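One-letter residues, chain by chain:
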Amino acid sequence: MPGANLGPYSDGIEAAGLIFLSGRVGLDDDGALVRGGIGPQTKRAIRNAEAVLQSQGLSLADVVKCTVYLAAMDDFAAMNAAYIEAFGDLRPARTALAAAGLPLGAVVEVDMIACARSEKGEAASVGGPESDG
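These notes cover the structure that comes with them. Keep in mind the model is a prediction, meaning the values are calculated, not measured. (Residues numbered from 1 in each chain as written. Predicted model: local features only at pLDDT ≥ 70, side-chain atom pairs only at ≥ 80, totals over all residues. Heavy atoms only, no water.)

Brief notes about unusual backbone geometry
Step number 1: Its identity is not glycine, yet Ala16 carries a phi of approximately 55 degrees, on the positive side.
Step number 2: For Ala16, the location among the structural elements is in the loop between β1 (12-15) and β2 (18-24).
Step number 3: Phi at Leu104 takes a positive value of approximately 60 degrees, unusual for a residue other than glycine.
Step number 4: Locating Leu104 in the fold gives a position in the loop between β4 (93-98) and β5 (108-115). (Helix = DSSP H or I, 4+ residues; strand = E, 2+ residues; numbered from the N terminus.)

Structure, rendered in structure tokens:
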């Protein structure tokens, strides 16, 4: 899987038909954080995770769970807008929480779990945007 890791870990691991992606921050192709704050960093973090998925023949449509770590919960609305722009109508399960001290001073980090493709088809969502859970 592609990417320059900041430590001794894999971009992702496949187990039991799932791909567990390590967290991604909004690094550009030169390894620097993109400028502009939460929106651009969120979009780039998702794009960086998407590159790992694509290296395995997958896409954001295969993502079943995301965890979004924010340096400040005050950035939730702006992160959410960038997240919606990146994912479109896709609605994987998601958790968003505040976490102090993200790598390289990033304001957001995103990790994902994707379902590896099989003859059985794509994973189905449980509930929807209107559900309480």
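Regarding the environment of Gly105
Step number 1: You can see Gly105 is positioned in the loop between β4 and β5.
Step number 2: Overall, the relative accessible area of 56% leaves Gly105 in the exposed class.
Step number 3: Each C-alpha atom of the pair Gly105 and Val25 lies 9.6 Å from the other, and the pair is 80 residues apart in sequence. (Buried < 20%, exposed > 50% of the residue type's maximum accessible area, 1.4 Å probe, protein only.)

Points about the pattern of salt bridges
Step number 1: If you walk through the whole model with that rule in mind, you get three salt bridges.
Step number 2: Residues Arg44 and Asp29 are paired through a salt bridge, measuring 2.7 Å at the closest nitrogen-oxygen approach. Of the two residues, Arg44 sits in helix α1 (residues 38-55) while Asp29 sits in the loop between β2 and α1, which places them 15 residues apart along the sequence. (Salt bridge = Lys/Arg side-chain N within 4 Å of Asp/Glu carboxyl O.)

Some thoughts on the nonpolar core
Step number 1: Counting residues in hydrophobic clusters, the biggest one holds 21 residues, and the most contacted among them are Leu53, Val63, Phe87 and Met112.
Step number 2: For this core, the secondary-structure elements that each account for two or more residues are β2, α1, β3 (63-70), α2 (76-87) and β5.
Step number 3: Sort the elements by how many residues they give to this core and α1 lands first, with six residues.
Step number 4: The residues contacting Val63, other than those within four sequence positions of it, are Leu53, Phe87, Pro92, Met112, Ile113 and Ala114.
Step number 5: Among the nonpolar cores identified, the runner-up in size contains five residues, and Val25, Leu27, Ala99 and Leu102 belong to it. (Core = buried A, V, L, I, M, F, W, Y, C linked by side-chain atoms within 4.5 Å. Contact = heavy atoms within 4.5 Å.)

Notes on the side chain of Arg24
Step number 1: Here Arg24 lies in strand β2.
Step number 2: For Arg24, the side chain forms a polar contact with the side chain of Asp11, separated by 2.3 Å. (Polar contact = N/O pair within 3.5 Å; in protein donor to acceptor, adjacent residues only side chain to side chain.)

Section: the pairing of β2
Step number 1: Within β2, five of the seven residues are buried, leaving the element largely enclosed by the surrounding structure.
Step number 2: Pairing analysis gives four bridges linking β1 to β2, with the strands arranged antiparallel. Bridge assignment links Glu14 to a residue of β2, and that residue is Ile19.
Step number 3: Hairpin geometry of β1 and β2 is characterised by an intervening segment of two residues between the two adjacent antiparallel strands and by a positive phi of about 55 degrees at Ala16.
Step number 4: The pairing of β2 with β5 spans five bridges and is classified as antiparallel. Across the sheet, the residue bridging to Arg24 is Val110, located in β5. (Pairing = 2+ DSSP bridges.)

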